[in-house]
Amino acid sequence: MGHREDLLEGAKSCLLEKGFARTTARDIVKASGTNLASIGYHYGSKDALLAQAYVALVENMSGAFDGDDASVIEGAPGSLERFRWVWTNIVGTMREPGSVWRLSMEVMTIDLPEVREHLSRAQREGGRGLVAMLMGVPEEEVSDESADTLGRFYLTLMTGLIAQWTFDPGTAPDGDALTEGLRLIIESATKG
């Protein structure tokens, strides 16, 4: 690996260990075996590097959303069974010690324009990935309109789920509870 990749890996490690606010440029350099100047050269700033490292951590989690065996997908695309299966897998990633989702709560409170800009660009793609998974289509087939509506809905659900699992894992909903809630919403909405 070159310095750029080493820095990214070092930043990911630091984020999981120390969080965003407590990670220094020196921490990243130590974890990556690089030098301070390489942060500016490759990423522009420590905060830009940490933002990219956070996005990479989240992207790496999407593979876990498929469960232990990605060849076995439960439920028809768009069905309540698929919804339950996907959200059960997502909740499984929140139960893991050192979950990246706990870091997400810190990242949401950061008021650094450069970081917010980078992360906001990643929002549409995150929503697009959730739509693709839940609707059973390749990501490249999810329209911008779907990413901006259904994808944002799923991201809103995800953010609330992250908050609940961060603050009180003992009472946070699992995939079954989320699916039952959705079923009740559908039932109520379809009553004449």
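The shown structure was predicted, so the numbers you read here are calculated from the model rather than taken from an experiment. (Residues numbered from 1 in each chain as written. Predicted model: local features only at pLDDT ≥ 70, side-chain atom pairs only at ≥ 80, totals over all residues. Heavy atoms only, no water.)

Enquirer: So what exactly am I meant to see when it comes to the packing of aromatic side chains here?
Expert: In this description, an aromatic ring pair is defined by two values, namely the gap between the centres and the angle between the planes. All told, the structure shown has two aromatic pairs when counted by the stated rule. Seen in terms of ring centroids, Phe-83 and Trp-87 are 6.0 Å apart; in terms of plane orientation they differ by 45°. Their pairing is tilted. Of this pair, Phe-83 and Trp-87 are both found in helix α5 (residues 80–95), four residues apart, which corresponds to roughly one turn of the helix. Here the two residues Phe-83 and Trp-87 agree in accessibility, since each one is buried. The ring of Tyr-43 carries Arg-4 above its face, with NZ or CZ at 4.3 Å from the centroid. (Phe/Tyr/Trp six-rings, centres within 6.5 Å; stacked < 30°, edge-to-face > 60°. Helix = DSSP H or I, 4+ residues; strand = E, 2+ residues; numbered from the N terminus. Buried < 20%, exposed > 50% of the residue type's maximum accessible area, 1.4 Å probe, protein only. Lys NZ or Arg CZ within 6 Å of the ring centre and 35° of its normal.)

Enquirer: For this particular structure, what's the right way to read the packing of helix α6 (residues 100–109) against helix α8 (residues 144–167)?
Expert: How two helices sit against one another is set out by the angle between their axes and by the gap between those axes. Interhelical geometry of α6 versus α8 gives an angle of 110° and a closest axis separation of 9 Å. Taken together, α6 and α8 sit at an angle that is classed as roughly perpendicular. In this structure, α6 contributes Trp-101, Arg-102, Ser-104, Met-105 and Met-108 to the contact, and α8 contributes Met-158, Thr-159, Ile-162, Ala-163, Trp-165, Thr-166 and Phe-167. (Axes fitted to C-alpha atoms, helices over the stretch in contact; angles between N-to-C directions. Parallel < 35°, antiparallel > 145°, perpendicular 65-115°, else oblique. Contact = heavy atoms within 4.5 Å.)

Enquirer: When you look at helix α2 (residues 25–32) in this model, what are you seeing that I'm missing?
Expert: Here α2 has its buried residues at Asp-27, Ile-28, Val-29 and Ser-32. Where α2 is buried, its residues meet α1 (3–18), α3 (36–43) and α4 (46–61). Following α2 by one or two positions, Gly-33 adopts a phi angle in the positive range, close to 70°.

Enquirer: Would you take a moment to explain the environment of Met-94 for this structure?
Expert: In this fold, Met-94 is placed in helix α5. Separated by 91 residues in sequence, Met-94 and His-3 place their C-alpha atoms 31 Å apart. In contact with Met-94, other than residues within four places in its own chain, are Ser-99, Trp-101, Arg-102, Met-158, Leu-161, Ile-162 and Trp-165.

Enquirer: I keep staring at the pattern of salt bridges and nothing clicks. Help me out?
Expert: Close approach of charged atoms allows side chains with opposite charge to pair. Enumeration over the complete set of coordinates arrives at eleven salt bridges. In this structure, Glu-180 engages Arg-183 in a salt bridge whose closest nitrogen and oxygen atoms are separated by 2.5 Å. Of this pair, Glu-180 and Arg-183 both sit in helix α9 (residues 175–190), three residues apart, which is roughly one turn of the helix. On the basis of relative accessible area, Glu-180 is assigned to the partly exposed category, the value being 35%. Relative accessible area serves as the criterion here: at 29%, Arg-183 is assigned to the partly exposed category. (Salt bridge = Lys/Arg side-chain N within 4 Å of Asp/Glu carboxyl O.)

Enquirer: How should α5 be read in this particular structure?
Expert: Two residues of an α-helix separated by three or four positions point the same way, owing to the 3.6 residues in each turn. Across its 16 residues, α5 extends 22 Å between first and last C-alpha, which sits within 8% of the 22 Å expected from 1.5 Å per residue. What α5 keeps buried is the set Arg-82, Phe-83, Trp-85, Val-86, Trp-87, Asn-89, Ile-90, Val-91, Thr-93 and Met-94. (Expected span 1.5 Å × (residues − 1).)

Enquirer: Explain the UniProt feature "domain: HTH tetR-type" (unreviewed entry) in the protein to me, please; I cannot follow it from the model alone.
Expert: Using the residue numbers shown here, the UniProt feature "domain: HTH tetR-type" (unreviewed entry) corresponds to residues 1–61. The straight-line gap between the two end C-alpha atoms of residues 1–61 is 22 Å; of that span, 79% is helix and 0% is strand. (UniProt positions renumbered as here; feature names shortened; annotations may be inferred.)

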